[in-house]
Every structure is written in structure tokens, then in C-alpha cells.
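Single-letter residue listing:
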Amino acid sequence: MFSLTNLENRRLVNQSPLLNTILGTAFTWGMTALGASIVYFFKGPSKKITDGMLGFSAGIMISASFFSLLSPAIEMTKGLKNFWLIPTSGFLIGSLFILALDRILPHLHLGLPIESAEGIKTHLHRNILLFTAVTLHNIPEGLAVGVTFGALASGEATVTLQSALVLTLGIGIQNFPEGVAISMPFKGSGLSNFKSFFFGQLSAVVEPIAGILGALAVSIFKSILPFALSFAAGAMIFVVIEELIPESQSSGNTDISTISAILGFVIMMMLDISFS
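Being a predicted model, the structure only gives us computed values, none of them experimental.

(A) Molecular detail of the pattern of salt bridges. According to the stated counting rule, one finds 1 salt bridge in the structure shown. Ionic pairing is found between E75 and K78, a salt bridge with its closest N-O pair at 3.3 Å. Taking relative accessible area as the criterion, K78 reaches 48% and is therefore assigned partly exposed.

(B) Structural context of the nonpolar core. Grouped together as the largest cluster of nonpolar side chains are 45 residues, with contacts concentrated most on L69, A144, V147, L225 and L229. Elements that contribute at least two residues to this core include exactly α3 (47-77), α5 (126-154), α6 (161-188), α8 (206-220), α9 (225-249) and α10 (254-275). One finds A117, L130, V134 and I182 within the second-largest nonpolar core, a separate group that totals 8 residues.

(C) How the structure looks around the packing of α3 against helix α4 (residues 85-104). Between α3 and α4, whose axes approach to 8 Å, the crossing angle comes to 145°. On α4, the residues that touch L70, I74 and T77 of α3 are I86, P87 and F91. Its residues assigned to classes, the contact of α3 with α4 comprises 5 nonpolar, 1 polar and no charged.

(D) Local environment of the packing of aromatic side chains. Tallying each qualifying case throughout the model produces 8 aromatic pairs. Taken together, a centroid distance of 6.0 Å and an interplanar angle of 65° make the contact between F67 and F265 edge-to-face. Taken together, the positions of F67 in helix α3 and F265 in helix α10 put the pair 198 residues apart, joining distant regions of the chain. The partly exposed category is assigned to F265, whose relative accessible area is 26%. A centroid spacing of 6.5 Å and a plane angle of 80° characterise the contact between F131 and F199, whose relative ring orientation is edge-to-face. Here F199 lies in helix α7 (residues 193-202) and F131 lies in helix α5, a separation of 68 residues in the sequence. Residue classification places F199 among the partly exposed residues on the basis of a relative accessible area of 26%. The structure contains a cluster of three or more aromatic residues connected by ring pairs, namely F131, F194, F198 and F199.

(E) Local environment of the side chain of S183. Along the chain, S183 falls in helix α6. For S183, the side chain forms a polar contact with the main-chain oxygen of G179, separated by 2.8 Å. In this view, S183 contacts G35, A36, V39, S196 and G200; residues no more than four positions away in its chain are not counted.

(F) Representation of the packing of α5 against α9 within the structure. One way to put it is that α5 packs onto α9 with a least axis distance of 9 Å and a crossing angle of 155°. The angle between α5 and α9 falls in the class roughly antiparallel. The two elements α5 and α9 meet at a crossing, and its hand is left-handed. Residues A133, H137, P140, E141, L143, A144, V147, T148, A151 and S154 of α5 touch α9, and the partners they reach there are L225, A228, L229, F231, A232, A235, M236, V239, E243 and L244.

(G) Structural detail: a nonpolar patch on the surface. A grouping of Y40, F41, F42, F194 and F198 is seen on the molecular surface, where their side chains present a nonpolar patch of about 580 Å² in accessible area. Note on placement: Y40 falls in the loop between α2 (17-36) and α3.

(H) Region of the structure containing the side chain of Q174. Relative to the elements of secondary structure, Q174 occurs in helix α6. For Q174, a relative accessible area of 0% gives the class buried. Those residues within four positions of Q174 in sequence are excluded, and the remaining contacts are S57, I60, M61 and E141.

Rules used throughout
Note on numbering: residues in each chain are counted from 1, in written sequence order. Local features in this predicted model are restricted to residues of pLDDT 70 or higher, and side-chain atom pairs are both shown and tallied only at a pLDDT of 80 or more, whereas totals for entire chains, interfaces and linings draw on every residue. Values shown for side chains rest on all heavy atoms present in the structure; no hydrogens or waters enter the calculation. Salt bridges are counted wherever a side-chain nitrogen of Lys or Arg sits within 4 Å of a carboxyl oxygen of Asp or Glu. Note on exposure labels: buried denotes an accessible area under 20% of the residue type's maximum, exposed denotes more than 50%, and partly exposed covers the range between, all computed with a 1.4 Å probe on protein chains only. Buried residues of nine kinds, namely Ala, Val, Leu, Ile, Met, Phe, Trp, Tyr and Cys, make up a nonpolar core once their side-chain atoms join them within 4.5 Å. Here a helix means four or more residues in a row that DSSP labels H or I, a strand means two or more in a row labelled E, and each is numbered from the N terminus. Whenever a helix is involved, its axis is fitted only over the stretch in contact; in every case the axis is a line through C-alpha atoms, and angles between N-to-C directions fall within 0 to 180 degrees. Contact between two residues is taken to exist if any of their heavy atoms lie within 4.5 Å; hydrogens are not considered. Residues are grouped as follows: Ala, Val, Leu, Ile, Met, Phe, Trp, Tyr, Cys and Pro are nonpolar; Asp, Glu, Lys and Arg are charged; every other residue, Gly included, is polar. Each pair of aromatic rings taken from Phe, Tyr and Trp, with Trp reduced to its six-membered ring, is defined by centres within 6.5 Å and is described as stacked if the planes are under 30 degrees apart, edge-to-face if over 60, and tilted in the remaining cases. Polar contacts, as counted here, are pairs of nitrogen or oxygen atoms within 3.5 Å of one another; within protein the pair requires one atom able to donate a hydrogen and one able to accept it, and residues that are adjacent in sequence qualify only if both atoms are side-chain atoms. Under this scheme an angle from 65 to 115 degrees is roughly perpendicular, one under 35 degrees roughly parallel, and one over 145 degrees roughly antiparallel; angles in between are oblique. Crossing handedness is read from the near helix: turned anticlockwise from the far helix by less than a right angle, it gives a left-handed crossing, and turned clockwise, a right-handed one. Distance thresholds for patches are 9 Å for like charges and 5 Å for nonpolar side chains (Val, Leu, Ile, Met, Phe, Trp, Tyr), applied to residues having over 30% relative accessible area and no salt bridge. Using the Shrake-Rupley algorithm and a 1.4 Å probe, accessible areas are obtained, with residue cover drawn only from the displayed protein chains.

Below, the structure is given as C-alpha cells:
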């Protein structure tokens, strides 16, 4: 799958982490756009399919958080006194960071009435609140890609080109159902196919921004690398527990979403183990 020649491998590793991040997040953004393009071909998937896709996304994110982010962070700190402190604090602070954004940014989770909107109270339209909800949980995904490519450029042995590519691929795969999940409500509210697609893909525009910030941070301050990896992991896990899992089971399709989550976890684990 990622059978690169030694020359190709060296070129990508030595390439600017910012360029690699831009290319990686452009791919994940493109997968969101691909999912959003479903509005041109279907009226909308059934709730069972949507819940299954959300569960699948949750499984991929949990697996990627551990195998691609948290585990390398732990390996980097082994040998240090109180080596557990850096990945633990990074994970917790990453979770608290998204919690803070969740409390501040006005947003509405899929399938809930507008009265259940979270964050600062506003009179924004339901569609805008749905858009900000998806945008919010795209921040950790972009951050994860940027931090990983930044780690690759630093020469850290626990992060390889293959593991960075696998993480990017996994996030791209789970972005597809996110694109579907955000564009379909826009279409259901009466927007045209183009506007539904446009706002659906636009929800991922934050990924390149977060990715570039993450890559810059670890490139300039290499000592924060294990903290940054665990920070991204904590942010992603918060999104999974607070948003994806509850949404995937809100309609009673618990078996479908659970099995899909396990499948997503296993697929991402196999990719990471096989190509890292």
C-alpha cells in the first residue's frame, strides 16, 4: 500500500513539514468534500446507515488516537523521570482545550432540536449551528496530521513516514461520513444541492489551519513533541466520547453503531501495525 522506494521515502521525510501537512490536510478536506457531494446523487441515507458511519468514524479516531499519537508519545518519554507525566498532562490538557471550545462556540449536535444548542447562546440559524459543531471536531483531526508530520521532520524514530501517511488516510476515511452527515441536513432544510455541498465541505476548512499550527509548534519547539502528540490524542478522544458516540446511538441503533465502531478501530489498527 505504502511501498515507497528509499529515495521517495527520503524525499518525503526531508520535505517541509508544512508542505506535507498542507498536502495531508488537503486530502482529508477532499474526503469531506467527497462525502458532501452525496447530496447530488441521493436524497439521504437511512438513519441506520448514518449511525453506522458515525460509529465507524468513532472507531477510527479512537484507534488513531492511541496507535498513531498516544503510543509514540509514551515511547518518546520512556527513560525520563516520571515519564508518564508528559503524555498524561498532554492528553488531559488536549481534552480540556476542546471542552473549553465546546462551552464557548455556539453549536448544535446532529439530530437535536435547536433548543439543545450548546455554547454561548445566540440566535444563529440551525444550519449554522450544525456547521460549527462539525467544524469544532475537525480541529483535533487537522492538529493530529500537522503534529505527526512535524514529528516526522524532527527525526523522531517513533514516528515514521508510513505511520504519518496511515494516520492521514484514517482521518480521511472517517471524514467521508462526516461530509455526508453535515451536508444532508442542509439539503433537508431546503438549501440547493450546491449550497448543501459547499457548506458541507467548508466544515473541514479548519483542518489545514489547525494542521499548520500543529506542525509549526513542534517544528519550532521540538521538546514539546510528546506533549503535542498526546494533546492531539486527548482532543480527538474528547470529540469521540462527547459527540460521535452519543450521536451514533441517539436513534436506538446501538448494535449497528457499536459494531461499526469496532470495525473502524480494527481497520485503523491493522493499517497502523502493518505499515508503521
